[in-house]
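The residues making up each chain are set out below.
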Amino acid sequence: MVSLFAETELPQVDLAPLIDHALLTPTATAEQVVQWCADADRFGFAAVCVYPVHVRLAREQLQNKRPQVCTVIGFPTGATTSATKLYEAQEAVEHGATELDVVINLGWLKAGERDRVHREIAEICEETGTPVKAILEASLLTPEELAIAAELCLDAGVAFLKTSTGWQGGATVEMVRQLHDITRGQVGIKASGGIRTVEQALRLVQAGATRIGTSRGPDLIHQQEMMNA
């Protein structure tokens, strides 16, 4: 593992502050939420990302602690109505969410209904006043569509562009690099989906990712500790 790191000249980056520790399996329990929050606090992760039903519990666990409470909106398809997404986002903020990962409406994007995509995300940004990470589900988009989606979300006021839900394929270096070229540092980039090794994570950071969404946060930190030993 050490030799691989040296050969590829990956960056010497502390991953912990970049990790959104995700618990987005359908079977997630309250006990697991408590554990994920404890891990996030212990390792100094950026955030815990949970379903809306668990936001109150996560907020209780992380009160006055460094990690943010992140939740998902319109997850995983993005195909709920705009009114439903807005309500879900507002309720999540009322319950203590401090970051919102919102799936864009991919059908609208594919159909060329750019105004609707923009309006939906802009309304959530404006009405909640909370940092939004727009989930683009890049594996389902052409490079041209990904560029359009990114520009629409940038104009709508998002704080981050997120590659994937993890349900339709994961993040790749190419996706992150394209988003980095488009944003030019204007917003953060969250790489998410299928990130299981420290090498993967560091390659994505090297390509421009500023957050890493993964359910394997502690594993990545332990791998990095072994790498640096």
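Residues numbered from 1 in each chain as written. Predicted model: local features only at pLDDT ≥ 70, side-chain atom pairs only at ≥ 80, totals over all residues. Heavy atoms only, no water.

1. Examining the environment of Glu 9
Then, number 1: Positionally, Glu 9 belongs in the loop between α1 (2-8) and β1 (19-23).
Then, number 2: Spatially, the C-alpha atom of Glu 9 lies 10.0 Å from that of Leu 202, the residues being 193 residues apart in sequence. (Helix = DSSP H or I, 4+ residues; strand = E, 2+ residues; numbered from the N terminus.)

2. Looking at the layout of surface pockets
Gaps between atoms show up when a probe of the same size as a water molecule is rolled over them.
Then, number 1: The calculated volume of the largest pocket comes to roughly 350 Å³.
Then, number 2: Considering the residues around the largest pocket, the lining is formed by 19 residues, among which Thr 165, Gly 166, Gly 193, Gly 194 and Ser 215 are closest to the centre.
Then, number 3: Here the lining of the largest pocket is composed, by residue class, of 6 nonpolar, 9 polar and 4 charged. (1 Å grid on protein atoms, 1.4 Å probe; cavity = no way out; pocket = protein on both sides within 12 Å on 5 of 7 lines; lining within 4 Å. Points joined across faces, edges and corners; volume = space filled by probe spheres on them. Nonpolar A, V, L, I, M, F, W, Y, C, P; charged D, E, K, R; others polar.)

3. Considerations on unusual backbone geometry
Trans peptide bonds make up the majority, and among non-glycine residues the majority have a negative phi.
Then, number 1: Cis rather than trans, the peptide bond between Phe 75 and Pro 76 has omega equal to 0 degrees.
Then, number 2: Notably, Asn 64 is not glycine yet its phi reads approximately 65 degrees, a positive angle.
Then, number 3: Turning to its location among the elements, Asn 64 is positioned in the loop between α3 (55-62) and β3 (68-73).
Then, number 4: Residue class for Asn 64 comes out exposed when judged on its relative accessible area of 76%.
Then, number 5: Even without being glycine, Arg 184 reaches a positive phi, approximately 50 degrees.
Then, number 6: Here Arg 184 shows up in the loop between α8 (173-183) and β7 (188-192).
Then, number 7: According to the relative accessible area criterion, Arg 184 is exposed, its value standing at 73%. (Buried < 20%, exposed > 50% of the residue type's maximum accessible area, 1.4 Å probe, protein only.)

4. Quick notes on the packing of aromatic side chains
Then, number 1: Considering all chains together, one arrives at 3 aromatic pairs under this definition.
Then, number 2: Each ring, one from Tyr 51 and one from Phe 75, has its centre 6.0 Å from the other, and the planes form 70 degrees; the classification is edge-to-face. Residue Tyr 51 is located in the loop between β2 (47-50) and α3, and its partner Phe 75 is located in the loop between β3 and α4 (82-94); the two are separated by 24 residues in the primary sequence.
Then, number 3: Judged by relative accessible area, which is 16%, Phe 75 ranks as buried.
Then, number 4: Put simply, the rings of Tyr 51, Phe 75 and Trp 167 touch in pairs and so form one group of aromatic residues.
Then, number 5: Here the guanidinium or amino end of Lys 133 rests over the ring plane of Phe 160, the centre of that ring lying 5.7 Å away. (Phe/Tyr/Trp six-rings, centres within 6.5 Å; stacked < 30°, edge-to-face > 60°. Lys NZ or Arg CZ within 6 Å of the ring centre and 35° of its normal.)

5. With respect to the state of the cysteines
Formally, a disulfide is one covalent bond, and it connects the sulfur atom of one cysteine to the sulfur atom of another.
Then, number 1: Under the criterion given, the structure shown has 0 disulfides.
Then, number 2: With no disulfide of its own, Cys 37 lies 11 Å from the sulfur of Cys 49, the closest cysteine sulfur.
Then, number 3: A relative accessible area of 1% means that Cys 37 is categorised as buried.
Then, number 4: Cys 153 carries a free sulfur, and the closest cysteine sulfur to it, the one in Cys 125, is 8.2 Å from it. (Disulfide = S-S within 2.5 Å.)

Geometric descriptors of this kind do not, in isolation, establish any biological role.
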